[in-house]
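Observations on the three-dimensional arrangement
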Amino acid sequence: MRASIALLFALALSVVVPAQTRTAKTLDVYVVDVEGGNATLLVSPSGESMLIDSGNTGAGAVRDADRIMAAAKEAGLTQIDHLITTHWHGDHFGGMAELAARLPIRNFIDHGPNVQPGAAADEFLQKTYPPLYAKAKHTVAKPGSKIPVAGLDVLVVTSAGETIKSPLPGAGGPNPYCASFKPGENNAEDPMSVGTYVTFGRFRTIHLGDLTKNKEFELMCPNNRIGTVDVLLGLHHGVDTSNSEVLVHALRPRVAIMNNGTRKGGQPDVMKTLHSSPGLEDLWQIHFSELSGQEYTVPGMFIANLLDEPSPAMPVAPIAPPPPGPNAPPAPRHNGTAYRIKVSAQADGSFTVTNGRNGFSKTYKASPRPGTH
Ligand SMILES: [Zn+2]
Ligand SMILES: [Zn+2]
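Now for a quick tour of the structure.

Reading the values: rules and limits
- In this numbering scheme, every chain counts its residues from 1 along its sequence in written order.
- Throughout, the order in which chains and ligands are written sets their labels, letters from A for the former and numbers from 1 for the latter.
- Thresholds applied to this predicted model are a pLDDT of at least 70 for local features of residues and 80 or more for the giving and counting of side-chain atom pairs; totals over whole chains, interfaces and linings are not thresholded and use all residues.
- Heavy atoms from the whole structure form the basis of all side-chain values; hydrogens and water molecules are not counted.
- Labels follow the DSSP assignment, with helices taken as runs of H or I lasting at least four residues and strands as runs of E lasting at least two, numbered in each case from the N terminus.
- Every radius of gyration here is taken over C-alpha atoms, with the globule rule written as 2.2 Å times N^0.38, N being the number of residues.
- When a residue's accessible area, from a 1.4 Å probe over protein chains only, is under 20% of the maximum for its type it is buried; when over 50% it is exposed; and in between it is partly exposed.
- Here, Shrake-Rupley sampling with a 1.4 Å probe gives the accessible areas, and only protein chains in the shown set may cover a residue.
- Here the term donor refers to an N, O or S atom within 2.8 Å of the metal (or 3.2 Å for Na, K and Ca), and because water is left out of the atoms, sites may appear incomplete.
- Nitrogen and oxygen atoms within 3.5 Å of one another constitute a polar contact, given that in protein one can donate a hydrogen and the other can accept it, and given that sequence-neighbouring residues count only through two side-chain atoms.
- The criterion used for residue contact is that any of the two residues' heavy atoms lie within 4.5 Å.
- When four donors show all angles between 85 and 135 degrees the site is tetrahedral, when four or six donors have opposite pairs over 155 degrees and all other angles between 65 and 115 it is square planar or octahedral respectively, and in every other case it is irregular.
- When DSSP finds at least two bridges between two strands, those strands are taken to pair.
- Throughout, right-handed denotes a crossover for which the path from the first strand over the helix to the second runs clockwise when the strands point away from the viewer.
- The directions from the helix axis to the C-beta atoms form the arc being described.
- By convention in this document, the label disulfide applies to cysteine sulfur atom pairs within 2.5 Å.

Per the secondary structure count, the protein includes nine helices and 17 strands. Expected size for 373 residues packed as a compact globule is a radius of gyration near 21 Å; at 20 Å, the protein falls within 12% of this value. C-alpha extents for the protein along the principal axes are approximately 75 × 50 × 40 Å. By residue count, 53% of the 373 residues in the protein fall in the buried class. Approximately 15,600 Å² of the protein is accessible, and the part contributed by carbon and sulfur atoms is 59%.

Right, here's the structure in full:
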(Lines give C-alpha, C1' and ligand atoms only; values in the text may rest on other atoms or scores of the structure.)
(Ligands and ions follow the chains in the order given, each with its own letter.)
Protein backbone atom coordinates (compact mmCIF):
# COMPACT_ATOMS: atom_id res chain seq x y z
CA MET A 1 0.00 0.00 0.00
CA ARG A 2 2.73 2.37 1.04
CA ALA A 3 4.67 1.52 -2.10
CA SER A 4 1.73 2.16 -4.37
CA ILE A 5 1.02 5.51 -2.71
CA ALA A 6 4.66 6.45 -3.20
CA LEU A 7 4.39 5.40 -6.82
CA LEU A 8 1.23 7.45 -7.30
CA PHE A 9 2.94 10.39 -5.65
CA ALA A 10 5.92 10.01 -7.94
CA LEU A 11 3.65 9.80 -10.96
CA ALA A 12 1.75 12.90 -9.84
CA LEU A 13 5.03 14.74 -9.39
CA SER A 14 6.20 13.74 -12.81
CA VAL A 15 3.02 15.23 -14.23
CA VAL A 16 3.13 18.56 -12.39
CA VAL A 17 6.86 19.21 -12.45
CA PRO A 18 7.25 21.92 -15.07
CA ALA A 19 9.65 21.65 -17.94
CA GLN A 20 12.11 23.99 -16.19
CA THR A 21 14.50 21.20 -15.29
CA ARG A 22 16.73 21.74 -18.27
CA THR A 23 20.44 22.20 -17.73
CA ALA A 24 21.29 23.50 -21.20
CA LYS A 25 22.57 27.05 -21.51
CA THR A 26 21.53 27.46 -25.11
CA LEU A 27 18.48 28.67 -26.94
CA ASP A 28 17.65 25.73 -29.15
CA VAL A 29 15.61 26.14 -32.32
CA TYR A 30 14.25 23.08 -34.09
CA VAL A 31 13.07 23.62 -37.66
CA VAL A 32 10.78 20.68 -38.36
CA ASP A 33 10.14 19.30 -41.85
CA VAL A 34 6.40 19.69 -42.40
CA GLU A 35 6.63 19.47 -46.19
CA GLY A 36 6.38 23.10 -47.14
CA GLY A 37 4.37 24.14 -44.08
CA ASN A 38 5.78 25.62 -40.90
CA ALA A 39 6.62 24.23 -37.47
CA THR A 40 9.52 25.90 -35.67
CA LEU A 41 10.16 25.08 -32.02
CA LEU A 42 12.16 27.39 -29.76
CA VAL A 43 13.32 26.14 -26.38
CA SER A 44 14.80 28.58 -23.88
CA PRO A 45 17.57 27.59 -21.45
CA SER A 46 14.83 27.94 -18.79
CA GLY A 47 13.02 25.00 -20.39
CA GLU A 48 10.11 27.16 -21.53
CA SER A 49 9.07 26.53 -25.10
CA MET A 50 7.45 28.41 -27.93
CA LEU A 51 6.22 26.62 -31.03
CA ILE A 52 5.57 28.68 -34.14
CA ASP A 53 2.88 26.84 -36.16
CA SER A 54 1.88 23.20 -36.22
CA GLY A 55 2.17 21.89 -39.79
CA ASN A 56 -0.42 20.71 -42.28
CA THR A 57 -4.11 19.82 -42.25
CA GLY A 58 -5.69 16.70 -43.68
CA ALA A 59 -3.53 13.69 -44.38
CA GLY A 60 -0.46 15.58 -43.15
CA ALA A 61 -1.81 16.37 -39.67
CA VAL A 62 -0.84 13.16 -37.89
CA ARG A 63 2.51 12.97 -39.70
CA ASP A 64 3.37 16.58 -38.83
CA ALA A 65 2.24 16.31 -35.20
CA ASP A 66 4.46 13.23 -34.90
CA ARG A 67 7.39 15.14 -36.34
CA ILE A 68 6.84 18.05 -33.93
CA MET A 69 6.60 15.55 -31.07
CA ALA A 70 9.95 14.08 -32.08
CA ALA A 71 11.51 17.55 -31.75
CA ALA A 72 9.74 18.14 -28.42
CA LYS A 73 11.05 14.80 -27.20
CA GLU A 74 14.60 15.64 -28.23
CA ALA A 75 14.25 18.90 -26.29
CA GLY A 76 12.92 17.06 -23.24
CA LEU A 77 9.62 18.94 -23.25
CA THR A 78 6.50 17.78 -21.45
CA GLN A 79 4.38 20.67 -22.66
CA ILE A 80 4.32 23.51 -25.16
CA ASP A 81 4.19 26.75 -23.18
CA HIS A 82 3.26 29.00 -26.11
CA LEU A 83 1.90 28.06 -29.52
CA ILE A 84 1.86 30.88 -32.05
CA THR A 85 -0.33 30.24 -35.05
CA THR A 86 1.01 32.84 -37.43
CA HIS A 87 -2.10 32.83 -39.65
CA TRP A 88 -5.07 30.72 -40.70
CA HIS A 89 -3.65 28.73 -43.55
CA GLY A 90 -3.78 24.94 -43.47
CA ASP A 91 0.00 24.55 -43.63
CA HIS A 92 0.32 26.50 -40.35
CA PHE A 93 -2.47 25.36 -38.02
CA GLY A 94 -3.05 21.90 -39.47
CA GLY A 95 -1.45 19.64 -36.87
CA MET A 96 -2.67 21.60 -33.85
CA ALA A 97 -5.46 19.31 -32.65
CA GLU A 98 -3.31 16.22 -33.16
CA LEU A 99 -0.47 17.85 -31.26
CA ALA A 100 -2.72 19.03 -28.42
CA ALA A 101 -3.88 15.43 -28.00
CA ARG A 102 -0.26 14.38 -27.44
CA LEU A 103 0.99 17.01 -25.00
CA PRO A 104 -0.48 20.01 -23.17
CA ILE A 105 -0.37 23.43 -24.84
CA ARG A 106 -0.61 26.26 -22.29
CA ASN A 107 -1.07 29.41 -24.35
CA PHE A 108 -2.62 29.69 -27.82
CA ILE A 109 -1.52 32.85 -29.64
CA ASP A 110 -2.91 34.12 -32.96
CA HIS A 111 -3.66 37.32 -34.87
CA GLY A 112 -7.44 37.17 -34.39
CA PRO A 113 -10.20 36.13 -36.81
CA ASN A 114 -9.56 34.54 -40.20
CA VAL A 115 -9.85 37.14 -42.98
CA GLN A 116 -9.66 34.71 -45.91
CA PRO A 117 -12.85 32.65 -45.84
CA GLY A 118 -12.26 28.97 -46.53
CA ALA A 119 -14.06 25.85 -45.40
CA ALA A 120 -11.16 24.20 -43.56
CA ALA A 121 -10.01 27.26 -41.64
CA ASP A 122 -13.52 28.48 -40.83
CA GLU A 123 -14.62 25.11 -39.55
CA PHE A 124 -11.44 24.75 -37.52
CA LEU A 125 -11.95 28.18 -35.94
CA GLN A 126 -15.59 27.50 -35.14
CA LYS A 127 -15.43 23.93 -33.89
CA THR A 128 -11.92 22.75 -33.10
CA TYR A 129 -9.97 25.76 -31.83
CA PRO A 130 -12.22 27.11 -29.03
CA PRO A 131 -12.32 23.84 -27.05
CA LEU A 132 -8.52 23.63 -27.31
CA TYR A 133 -7.84 27.04 -25.80
CA ALA A 134 -10.78 26.83 -23.36
CA LYS A 135 -8.58 24.58 -21.20
CA ALA A 136 -5.60 26.93 -21.50
CA LYS A 137 -4.91 30.58 -22.30
CA HIS A 138 -5.80 32.41 -25.50
CA THR A 139 -3.85 35.49 -26.55
CA VAL A 140 -4.40 37.76 -29.54
CA ALA A 141 -0.97 39.10 -30.45
CA LYS A 142 -0.47 42.86 -30.83
CA PRO A 143 2.63 44.45 -32.36
CA GLY A 144 4.82 45.81 -29.57
CA SER A 145 3.63 43.25 -27.00
CA LYS A 146 5.86 40.60 -25.48
CA ILE A 147 5.33 36.87 -25.22
CA PRO A 148 6.56 35.86 -21.78
CA VAL A 149 9.12 33.10 -22.34
CA ALA A 150 11.49 32.91 -19.37
CA GLY A 151 15.09 33.40 -20.49
CA LEU A 152 14.20 34.99 -23.83
CA ASP A 153 12.89 38.34 -24.97
CA VAL A 154 10.11 37.67 -27.48
CA LEU A 155 8.61 40.73 -29.13
CA VAL A 156 5.64 40.67 -31.49
CA VAL A 157 6.59 42.87 -34.46
CA THR A 158 3.68 42.15 -36.81
CA SER A 159 0.12 40.87 -36.37
CA ALA A 160 -3.23 41.25 -38.14
CA GLY A 161 -1.71 43.48 -40.78
CA GLU A 162 -0.18 45.91 -38.26
CA THR A 163 3.51 46.45 -37.60
CA ILE A 164 5.49 47.98 -34.75
CA LYS A 165 5.56 51.76 -35.13
CA SER A 166 8.83 52.62 -33.44
CA PRO A 167 12.24 51.07 -34.03
CA LEU A 168 13.89 48.58 -31.73
CA PRO A 169 16.78 49.91 -29.62
CA GLY A 170 19.73 50.60 -31.90
CA ALA A 171 17.63 50.28 -35.07
CA GLY A 172 15.73 52.88 -37.09
CA GLY A 173 18.28 54.00 -39.66
CA PRO A 174 17.20 54.66 -43.25
CA ASN A 175 16.77 51.48 -45.30
CA PRO A 176 18.62 51.92 -48.61
CA TYR A 177 16.66 49.11 -50.29
CA CYS A 178 13.30 50.92 -50.05
CA ALA A 179 13.96 53.06 -53.13
CA SER A 180 13.95 50.06 -55.47
CA PHE A 181 11.06 48.18 -53.82
CA LYS A 182 8.49 46.63 -56.13
CA PRO A 183 5.10 45.83 -54.58
CA GLY A 184 4.01 42.21 -54.63
CA GLU A 185 0.77 40.28 -54.82
CA ASN A 186 -0.74 38.38 -51.93
CA ASN A 187 -3.75 36.53 -50.61
CA ALA A 188 -5.62 37.86 -47.58
CA GLU A 189 -4.17 35.80 -44.72
CA ASP A 190 -0.42 35.83 -45.35
CA PRO A 191 -0.12 39.58 -44.57
CA MET A 192 -1.87 38.96 -41.22
CA SER A 193 1.02 36.80 -40.01
CA VAL A 194 2.19 37.10 -36.43
CA GLY A 195 5.88 37.95 -36.62
CA THR A 196 8.21 37.58 -33.64
CA TYR A 197 11.67 38.92 -32.93
CA VAL A 198 13.60 36.92 -30.37
CA THR A 199 16.61 38.07 -28.38
CA PHE A 200 18.73 35.74 -26.27
CA GLY A 201 21.72 37.58 -24.83
CA ARG A 202 23.47 38.93 -27.92
CA PHE A 203 21.77 36.48 -30.28
CA ARG A 204 18.87 37.69 -32.43
CA THR A 205 16.46 35.84 -34.66
CA ILE A 206 13.18 36.64 -36.39
CA HIS A 207 10.26 34.61 -37.76
CA LEU A 208 7.63 36.49 -39.73
CA GLY A 209 5.33 33.62 -40.70
CA ASP A 210 4.28 34.14 -44.31
CA LEU A 211 4.43 37.93 -44.18
CA THR A 212 4.27 39.28 -47.72
CA LYS A 213 6.35 41.83 -49.59
CA ASN A 214 3.99 44.76 -49.08
CA LYS A 215 4.01 44.22 -45.32
CA GLU A 216 7.78 43.76 -45.37
CA PHE A 217 7.86 47.24 -46.88
CA GLU A 218 5.57 48.65 -44.17
CA LEU A 219 7.76 47.12 -41.47
CA MET A 220 11.12 48.07 -42.95
CA CYS A 221 10.57 51.37 -44.81
CA PRO A 222 11.50 54.12 -44.95
CA ASN A 223 13.46 53.23 -41.82
CA ASN A 224 14.62 49.78 -40.76
CA ARG A 225 12.79 49.35 -37.45
CA ILE A 226 14.25 45.90 -36.76
CA GLY A 227 17.99 46.31 -37.33
CA THR A 228 19.93 43.14 -38.07
CA VAL A 229 19.56 39.50 -37.07
CA ASP A 230 21.86 36.54 -36.77
CA VAL A 231 19.38 33.99 -38.09
CA LEU A 232 16.40 34.59 -40.36
CA LEU A 233 13.83 31.83 -39.84
CA GLY A 234 10.92 30.75 -42.02
CA LEU A 235 11.08 32.94 -45.13
CA HIS A 236 7.51 31.98 -46.10
CA HIS A 237 8.88 28.67 -47.39
CA GLY A 238 11.01 30.66 -49.84
CA VAL A 239 7.92 31.69 -51.83
CA ASP A 240 8.38 34.69 -54.10
CA THR A 241 5.41 36.72 -52.81
CA SER A 242 7.69 37.38 -49.83
CA ASN A 243 11.43 37.89 -49.31
CA SER A 244 12.01 41.31 -50.81
CA GLU A 245 15.39 42.97 -50.48
CA VAL A 246 13.90 45.60 -48.15
CA LEU A 247 13.53 42.79 -45.65
CA VAL A 248 16.22 40.20 -46.38
CA HIS A 249 19.08 42.47 -47.34
CA ALA A 250 18.32 45.04 -44.66
CA LEU A 251 18.17 42.44 -41.88
CA ARG A 252 21.61 41.22 -42.97
CA PRO A 253 21.11 37.70 -41.61
CA ARG A 254 24.27 35.63 -41.28
CA VAL A 255 22.22 32.48 -41.67
CA ALA A 256 18.81 31.91 -43.24
CA ILE A 257 16.84 28.69 -42.72
CA MET A 258 14.13 28.18 -45.31
CA ASN A 259 11.11 25.99 -44.49
CA ASN A 260 10.44 25.05 -48.10
CA GLY A 261 8.91 21.90 -49.58
CA THR A 262 9.84 19.76 -52.55
CA ARG A 263 7.71 21.86 -54.86
CA LYS A 264 7.04 24.86 -52.69
CA GLY A 265 9.39 27.79 -52.42
CA GLY A 266 13.02 28.14 -53.26
CA GLN A 267 12.08 29.86 -56.50
CA PRO A 268 14.83 31.53 -58.55
CA ASP A 269 13.95 35.12 -57.59
CA VAL A 270 14.05 34.33 -53.89
CA MET A 271 17.27 32.37 -54.26
CA LYS A 272 18.87 35.30 -56.11
CA THR A 273 17.84 37.64 -53.30
CA LEU A 274 19.27 35.28 -50.71
CA HIS A 275 22.51 34.48 -52.53
CA SER A 276 23.15 38.21 -52.98
CA SER A 277 22.23 39.19 -49.42
CA PRO A 278 25.07 41.18 -47.82
CA GLY A 279 26.74 39.29 -44.99
CA LEU A 280 24.86 36.04 -45.59
CA GLU A 281 27.22 33.20 -44.72
CA ASP A 282 24.90 30.25 -45.36
CA LEU A 283 21.41 29.39 -46.49
CA TRP A 284 20.08 26.15 -45.03
CA GLN A 285 17.04 24.44 -46.60
CA ILE A 286 14.65 22.08 -44.84
CA HIS A 287 14.10 20.35 -48.17
CA PHE A 288 15.68 20.25 -51.57
CA SER A 289 13.38 22.08 -54.00
CA GLU A 290 12.58 21.20 -57.56
CA LEU A 291 11.73 24.88 -57.99
CA SER A 292 15.42 25.69 -57.42
CA GLY A 293 17.09 22.98 -59.43
CA GLN A 294 20.88 22.68 -59.17
CA GLU A 295 21.08 26.12 -60.73
CA TYR A 296 19.90 27.92 -57.60
CA THR A 297 20.11 25.49 -54.72
CA VAL A 298 22.70 25.28 -51.97
CA PRO A 299 25.05 22.28 -51.61
CA GLY A 300 23.30 19.18 -50.34
CA MET A 301 25.13 19.29 -47.03
CA PHE A 302 22.97 22.30 -46.10
CA ILE A 303 19.71 20.54 -47.05
CA ALA A 304 17.90 18.43 -44.46
CA ASN A 305 15.44 16.37 -46.47
CA LEU A 306 15.17 14.34 -49.64
CA LEU A 307 12.33 12.07 -50.74
CA ASP A 308 11.11 8.60 -49.93
CA GLU A 309 12.55 7.58 -53.30
CA PRO A 310 15.24 10.13 -54.14
CA SER A 311 15.96 10.63 -57.80
CA PRO A 312 19.52 9.72 -58.80
CA ALA A 313 20.33 13.27 -59.86
CA MET A 314 18.71 16.63 -59.35
CA PRO A 315 18.05 18.45 -62.63
CA VAL A 316 20.08 21.59 -63.17
CA ALA A 317 17.14 23.68 -64.36
CA PRO A 318 14.43 24.73 -61.92
CA ILE A 319 10.89 23.59 -62.72
CA ALA A 320 8.02 26.07 -62.79
CA PRO A 321 5.73 25.98 -59.75
CA PRO A 322 2.71 23.73 -60.35
CA PRO A 323 -0.55 25.61 -60.92
CA PRO A 324 -2.39 26.11 -57.64
CA GLY A 325 -5.70 24.42 -56.97
CA PRO A 326 -7.16 20.94 -56.74
CA ASN A 327 -5.74 19.77 -60.07
CA ALA A 328 -2.15 20.50 -59.13
CA PRO A 329 0.05 17.44 -59.51
CA PRO A 330 1.07 16.06 -56.11
CA ALA A 331 4.63 16.65 -54.99
CA PRO A 332 6.86 13.58 -54.76
CA ARG A 333 6.22 11.77 -51.49
CA HIS A 334 8.19 12.28 -48.33
CA ASN A 335 6.35 10.48 -45.56
CA GLY A 336 9.32 8.49 -44.29
CA THR A 337 11.98 9.71 -41.90
CA ALA A 338 12.11 13.50 -41.72
CA TYR A 339 15.11 15.39 -40.45
CA ARG A 340 15.36 18.65 -38.57
CA ILE A 341 17.69 21.60 -38.74
CA LYS A 342 18.73 22.61 -35.25
CA VAL A 343 20.19 25.91 -34.11
CA SER A 344 21.89 26.10 -30.73
CA ALA A 345 22.59 29.68 -29.75
CA GLN A 346 24.77 30.91 -26.92
CA ALA A 347 24.11 34.09 -24.97
CA ASP A 348 27.37 35.54 -26.34
CA GLY A 349 25.80 35.53 -29.81
CA SER A 350 27.63 32.53 -31.25
CA PHE A 351 25.55 29.69 -32.61
CA THR A 352 25.79 26.27 -34.19
CA VAL A 353 23.54 24.93 -36.94
CA THR A 354 23.21 21.17 -37.43
CA ASN A 355 21.68 19.18 -40.27
CA GLY A 356 19.88 16.19 -38.72
CA ARG A 357 20.14 14.13 -41.90
CA ASN A 358 23.90 14.02 -42.34
CA GLY A 359 25.13 15.38 -39.01
CA PHE A 360 26.89 18.27 -40.72
CA SER A 361 27.37 21.06 -38.22
CA LYS A 362 28.78 24.56 -38.49
CA THR A 363 29.55 27.04 -35.75
CA TYR A 364 29.25 30.77 -36.35
CA LYS A 365 31.31 32.95 -34.05
CA ALA A 366 29.65 35.86 -32.29
CA SER A 367 29.52 38.96 -34.43
CA PRO A 368 31.88 41.67 -33.15
CA ARG A 369 29.18 44.25 -32.50
CA PRO A 370 25.87 42.87 -31.26
CA GLY A 371 23.11 43.27 -33.78
CA THR A 372 25.16 45.41 -36.12
CA HIS A 373 27.32 42.94 -38.02
ZN1 LIG B 1 10.07 16.23 -46.24
ZN1 LIG C 1 2.62 28.91 -45.46
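A separate point is the coordination of the zinc ion (ligand 1). Protein-derived coordination of the zinc ion (ligand 1) comes from Asp-33 (OD), Glu-35 (OE), Glu-35 (OE), His-287 (NE2) and His-334 (ND1), at a distance range of 1.9 to 2.8 Å. Expressed as a motif, the donor residue spacing for the zinc ion (ligand 1) is D-x1-E-x251-H-x46-H. One end of the pair, Glu-35, is in the loop between strand E1 (27–31) and strand E2 (40–43); the other, His-334, is in the loop between helix H9 (293–296) and strand E15 (341–345), and 299 residues separate them in sequence. Here Glu-35 matches His-334 in class, with each residue buried.

Next up on the list: the side chain of Ser-242. Here Ser-242 is to be found in the loop between strand E12 (231–234) and helix H7 (245–251). Here Leu-211 takes part through its backbone oxygen, which lies 2.7 Å from a polar atom of the side chain of Ser-242. Excluding residues that lie within four positions of it along the chain, Ser-242 makes contacts with Asp-210, Leu-211, Thr-212, Lys-213, Glu-216, His-236 and Val-270.

Here we come to the coordination of the zinc ion (ligand 2). Within the first shell, the zinc ion (ligand 2) binds the protein through Asp-91 (OD), His-92 (NE2), Asp-210 (OD) and His-237 (NE2), at distances of 2.1 to 2.2 Å. Of note is the zinc ion (ligand 2), whose four donor atoms meet at the metal with angles of 85 to 161 degrees in an arrangement that counts as irregular. Positions of the donor residues of the zinc ion (ligand 2), expressed as sequence spacing, correspond to D-H-x117-D-x26-H. On the criterion of sequence distance, the pair formed by Asp-91 in helix H3 (residues 90–93) and Asp-210 in the loop between strand E11 (203–207) and helix H6 (213–220) is long-range, its members being 119 residues apart. With respect to burial, Asp-91 and Asp-210 carry one shared label: buried.

One can find Thr-297 in the loop between H9 and E15. Counting along the chain gives 26 residues from Thr-297 to Met-271, while the straight-line C-alpha distance between them is 7.5 Å. The residues touching Thr-297, leaving out its near neighbours within four places in the chain, are Met-271, Gln-285, Ser-292, Ile-303 and Met-314. In this structure the side chain of Thr-297 is engaged in a polar contact, spanning 3.1 Å, whose partner is the side chain of Gln-285.

A few words on the pairing of strand E14 (residues 282–285). Of the two faces of E14, the one carrying Asp-282 and Trp-284 and the one carrying Leu-283 and Gln-285 are both buried. Here strand E13 (residues 255–258) pairs with E14 via four bridges, running parallel. Within the sheet, the bridge partner assigned to Ala-256 lies in E14 and is Leu-283. This β-α-β element, E13 to helix H8 (residues 268–275) to E14, shows right-handed connectivity.

Moving on: H8. Since there are 3.6 residues in each turn of an α-helix, residues three or four apart along the chain are aligned in direction. Turning to H8, its buried residues number three or more, namely Val-270, Met-271, Thr-273 and Leu-274. For H8, the buried positions fall inside an angular range of 160 degrees around the axis, keeping them on one side. In this fold, the buried residues of H8 make contact with H7, E13, E14 and H9.

Following the criterion strictly, the structure yields one disulfide and no others. Disulfide partner of Cys-178: Cys-221, at an S-S distance of 2.0 Å. Note on the Cys-178 and Cys-221 pair: the S-S dihedral is about -95 degrees, so by sign convention the disulfide is left-handed. Residue Cys-178 is located in the loop between strand E9 (162–163) and strand E10 (195–200), and its partner Cys-221 is located in the loop between H6 and E12; the two are separated by 43 residues in the primary sequence.

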